[in-house]
Amino acid sequence: MSGTTSTLSPERTTAPAGPAKAPGALGGAIRAAVRQHKWALRITLALLVLVVGVWAGLRVWLEASGVSPDANNYGVRSAKMLAKYAADVFSVLPLLVGAFVAGPLIGRELESGTYKMAWTQSMSPARWLTIRLALPLTLVVVGVLLLNVSYRLLRGPFIDDPLAGWYQGGIYQGLGPASLAYCVLAVALGALVGLLVRRSVVSMAVTALAMGLLATLMSNVRGGLWPMRTDVGPEAAIVTAHAQETRWGHGAGWQDAQGVRIDPGACENAASEASMKRPDAYESVFEKCMADRGATTQYGDYHSTADFLPIQLVESAVLLGLAALAVVASYGLLRTRHGGRA
Amino acid sequence: MSIAAIEAVGLGKRYGRLGKWAVQDCSFRLPQGQICALVGPNGAGKSTLLGQLAGLVRPSRGELRVMGKTPGAARQQLAFLAQEKPLYPQFTIEETLRMGQELNPGHWDAERAARIVKEGDLDPGTKVRELSGGQRTRVALALCLGKQPDLLLLDEPMADLDPLARHQLMGNLLAEAGESGTTVVISSHILAELEGACDYLLLMENGRIRLGGETDELLSAHALLSGPVTEIGAGTTVVESKVTGRHMTALVRRDSEPLGGDWEVVEPTLEELLLAHMRSPQAPALLTPSAEPQAVRAGAGVAA
């Protein structure tokens, strides 16, 4: 900069001038952000080590002790219980990640005005945002992959538990790439909400709520993300309706010889009316009614275990697409409000 | 002609599509090396203007150059002390200054920053959240001056300081700026705070610059007349006139000498000049030649 001051600053740093100093400033900006959130980082890493250690450790214990996963002792029961409920971590994680990015990482800086200091200490708004996206993304990628692996280890021996099938809420997420996609989206959405709302607590709540709603929505449309398989046969509907570890049942019912599905509504009504007069009449009336309408056999729609990965990939693609939109919107918002390249 | 520290032409900022214009039709030029007071009532648009200069607020319209560049491109050359003195509260003073050093490789003066902190008797290990208002201002100022800015922007820097600390910090600041030739813009709504310290003046009201230029020149461009009630010559711009009985005082521009009439003529004080303008919104704006923006050079860069 101005040469007039060079004589009175013996401790002046000696980094080279010109474009070459950009990496140094970038490193400084990253270090500043890490130092700013060092406690959050420490706590996160400690929790990660704890959870991964317990999950993987349980598997190691089971293997080492040679206990059968079907054994009815306290240790195995606890491990089985944990294998079922540990998956809830994957449902909660995106909410926590999103809230952290929206609040402490971005919203709080805008609320308290510290961004004014950062952006006039030679850090451009774009770089400021990039660091606040890149740091949590790095942590999320490493953390979620470790959690995925250790969760698979934990669940391994209990994979046949029909009450904890692959398609159930947290378990579905914990087993595949969608868990990572949810957390990536949480980072991007958290950033956008933080920039829009500019209030720490409010943006945390909004982001967590939005991620929760999105997860609910996705779990409702998930079955339709990949073509359904269909079984046809005398017992198909009944088989599909039962909870199973490998089969994710959807629709089930009756169809005629041409394969046309028959709406059971009218027959159900008729059977209900008949059973008021004669309690044991329901089944016979219903079956006769359906037969009169041409029902010859049953069908069951379901996803098999083989559909797990395709569904995960389609869902992940949707989530990552949304994340990309949120990132583009965030940079656009920053540019519109605060201007400035460089 | 050397590059101006600031050059604004038709600058405007509106918050939201239907909001009020916080800065409007704002045009002025500030030569390098000046200590400039940006004064005006609360809500005049001073903070928004400073935010635009600092590259924090994107102008809705107009042209703005800071050290000949867009504010975004001049980030390394300017420092800004926002009104609320934002610093990371969880950092110690030492960590704060280290951050300054790491964010400004190649143009950070560690010795200078440490000296400013030391002069306030502050322990570098103290957390920022434990500092008093004045101490906090001092640390924020050290962070600003440590990066050796060519342009230092200060938004109401002394508002939360007691008179003694104010005096001390102001002296500190002016000495540092004088030593390095830094251009300084200090905003305030308290006129007395800046009198005597600033050689350049910008009076801002309703988002516009109403007076701009060297303080001396602005003062000598005006005259305070007092005498019996008389008609003032048609060629003279009257900023404000007051009649008390048969006696009359008026603050006028010396744009058509001689003033004529049976007046006692004195040069107004800075306070009289500023107050007369603030009380008379109809008085035309006045920029001295050095404060007139040159046409922003074509091709000097993309719009801010």
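In this text, all values refer to a predicted model and were calculated from it rather than measured experimentally.

(A) Structural detail: the UniProt feature "transmembrane region" (unreviewed entry) in chain A. All names here are of chain A. When the UniProt feature table is mapped onto this chain, "transmembrane region" (unreviewed entry) is found at residues 39-62, 82-107, 128-151, 171-194, 201-221 and 317-334. Counted over residues 39-62, helix gives 100% and strand 0%. Its end C-alpha atoms are 34 Å apart. Taken end to end, residues 171-194 is 88% helix and 0% strand, and its first and last C-alpha atoms sit 30 Å apart.

(B) Local environment of the sheet that holds strand 12 (residues 247-253) of chain B. Residue and element names in this part refer to chain B. Pairing is antiparallel in the open sheet, where four strands are placed in the order 11-12-10-13. Either end of the sheet is taken by a strand with one partner, and the two such strands are strand 11 (238-244) and strand 13 (264-266). If you compare each strand with its neighbour and ignore which way they point, the axes differ by 15° on average.

(C) Main features of empty space enclosed by the protein. Considering all chains together, one arrives at one cavity of 30 Å³ or more under this definition. In this structure, the largest cavity spans a volume of roughly 70 Å³. Looking at the largest cavity, the residues that line it are M117(A), T120(A), Q121(A), F80(B), L81(B), A82(B), K85(B), P86(B), L87(B), A140(B), L143(B) and C144(B). With three residues, the single largest contributor to the lining of the largest cavity is helix 4 (residues 133-146) of chain B. Residues belonging to the lining of the largest cavity are distributed by class as follows: nine nonpolar, two polar and one charged.

(D) Representation of the sheet that holds strand 5 (residues 78-81) of chain B in the model. Residues and elements named next belong to chain B. Across the sheet, which stays open at both edges, the seven strands sit in the order 5-6-7-3-8-9-14 with mixed pairing between neighbours. With one partner strand each, in any of the chains shown, strand 5 and strand 14 (286-287) form the two edges of the open sheet. Examined bridge by bridge, strand 6 (residues 151-155) and strand 7 (residues 183-188) share five bridges and lie parallel to one another. Within strand 7, the residue paired with L152 across the bridge is V184. Sheet contacts for helix 1 (residues 46-53): strand 3 (35-39), strand 5, strand 6, strand 7, strand 8 (200-205) and strand 9 (208-214); angle to strand 6, the most-contacted strand, approximately 150°. Along the sheet face, helix 8 (residues 270-279) touches strand 3, strand 8 and strand 9 and points at about 25° away from the line of strand 8.

(E) Representation of the pattern of salt bridges. Throughout the structure, instances matching the rule amount to 19 salt bridges over all chains. Across the salt bridge formed by D292(A) and K288(A), the nearest N and O atoms sit 3.4 Å from each other. Here K288(A) and D292(A) lie together in helix 12 (residues 282-292), a separation of four residues that amounts to about one turn. The class of D292(A) is exposed, set by a relative accessible area of 56%. Judged by its relative accessible area of 55%, K288(A) falls in the exposed class. By sharing partners, the salt bridges in this structure join E111(B), R112(B), R115(B) and E176(B) into a single network.

(F) Examining the state of the cysteines more closely. Applying the stated rule across the entire model yields one disulfide over all chains. There is a disulfide in this structure between C267(A) and C289(A), and the S-S distance comes to 2.0 Å. Looking down the S-S bond of the C267(A) and C289(A) bridge, the torsion is -75°, so its handedness is left-handed. Placement of the pair is C267(A) in helix 11 (residues 265-277) and C289(A) in helix 12, with a sequence separation of 22 residues. Judged by its relative accessible area of 0%, C267(A) falls in the buried class. Of all cysteine sulfurs in the structure, the one in C36(B) sits closest to C26(B), which takes part in no disulfide; the separation is 11 Å. For C26(B), a relative accessible area of 0% gives the class buried.

(G) Molecular detail of the confidence of the model for chain B. Residue and element names in this part refer to chain B. For chain B, the mean per-residue pLDDT works out to 88, and 94% of the residues sit at or above 70. Here residues 296-304 is a poorly scored stretch, pLDDT under 50, and it has 16 contacts once near neighbours within four places are set aside; other chains count. Interface scoring of the predicted complex returns ipTM 0.89; its pTM is 0.87.

(H) Representation of the pairing of strand 12 of chain B in the model. Residue and element names in this part refer to chain B. Among the seven residues in strand 12, five count as buried, and that is most of the element. Pairing analysis gives seven bridges linking strand 10 (residues 222-228) to strand 12, with the strands arranged antiparallel. In the sheet register, A223 faces strand 12, and the bridge partner there is V252. Across six bridges, the pairing between strand 11 and strand 12 is antiparallel. Bridging across to strand 12, V243 finds its partner in M248. Linking two consecutive strands that pair antiparallel, namely strand 11 and strand 12, is a turn of two residues; a positive phi of about 65° is found at G245 within it.

(I) Region of interest: a nonpolar patch on the surface. Residues and elements named next belong to chain A. A grouping of W39, I43, L47, L50 and V54 is seen on the molecular surface, where their side chains present a nonpolar patch of about 530 Å² in accessible area. Here I43 lies in helix 2 (residues 38-65). Classification of I43 as partly exposed rests on a relative accessible area of 49%.

(J) Unusual backbone geometry, seen in detail. For S122(A), which is not glycine, the phi torsion reads 65° and is therefore positive. Residue class for S122(A) comes out buried when judged on its relative accessible area of 12%. Look at D121(B): it is not a glycine, yet its phi comes out positive at around 60°. Structurally, the position occupied by D121(B) is in the loop between helix 3 (110-119) and helix 4. Residue class for D121(B) comes out exposed when judged on its relative accessible area of 74%.

(K) Representation of helix 5 (residues 163-180) of chain B within the structure. Residue and element names in this part refer to chain B. For helix 5, which comprises 18 residues, the first-to-last C-alpha distance of 26 Å matches the rise-based estimate of 26 Å (1.5 Å per residue) to within 8%. Of all the positions in helix 5, only A165, L169, M170, N172, L173, E176, A177 and S180 are classed as buried. In a view along the axis of helix 5, the buried residues occupy a sector of 160°, so they form one face of it. Those residues of helix 5 that are exposed and angled more than 90 degrees off the buried face are P163, L164, H167 and G178. Positive backbone phi, approximately 70°, marks G181, located one or two places after helix 5.

(L) A look at the layout of surface pockets. For the largest pocket, the calculated volume is near 890 Å³. If you go around the largest pocket, you meet 30 residues; those closest to its centre are A40(A), T44(A), L93(A), V97(A) and L139(A). No other element matches the ten residues that helix 6 (residues 125-155) of chain A contributes to the lining of the largest pocket. In the lining of the largest pocket, the residues fall into 25 nonpolar, four polar and one charged. Taken as a whole, the second largest pocket holds about 520 Å³ of empty space. As for the second largest pocket, its lining consists of 22 residues, and the residues nearest its centre are R337(A), K13(B), R14(B), Y15(B) and V57(B).

What counts, and at which threshold
- Residues numbered from 1 in each chain as written.
- Chains lettered and ligands numbered in written order.
- Predicted model: local features only at pLDDT ≥ 70, side-chain atom pairs only at ≥ 80, totals over all residues.
- Heavy atoms only, no water.
- UniProt positions renumbered as here; feature names shortened; annotations may be inferred.
- Helix = DSSP H or I, 4+ residues; strand = E, 2+ residues; numbered from the N terminus.
- Pairing = 2+ DSSP bridges.
- Axes fitted to C-alpha atoms, helices over the stretch in contact; angles between N-to-C directions.
- 1 Å grid on protein atoms, 1.4 Å probe; cavity = no way out; pocket = protein on both sides within 12 Å on 5 of 7 lines; lining within 4 Å.
- Points joined across faces, edges and corners; volume = space filled by probe spheres on them.
- Nonpolar A, V, L, I, M, F, W, Y, C, P; charged D, E, K, R; others polar.
- Contact = heavy atoms within 4.5 Å.
- Salt bridge = Lys/Arg side-chain N within 4 Å of Asp/Glu carboxyl O.
- Buried < 20%, exposed > 50% of the residue type's maximum accessible area, 1.4 Å probe, protein only.
- Disulfide = S-S within 2.5 Å.
- pLDDT = per-residue confidence, 0-100.
- Patch = residues over 30% accessible without salt bridge, like charges linked within 9 Å, V, L, I, M, F, W, Y side chains within 5 Å.
- Areas by Shrake-Rupley, 256 points an atom, 1.4 Å probe, with all protein chains shown as cover.
- Expected span 1.5 Å × (residues − 1).
- Arc of directions from axis to C-beta.

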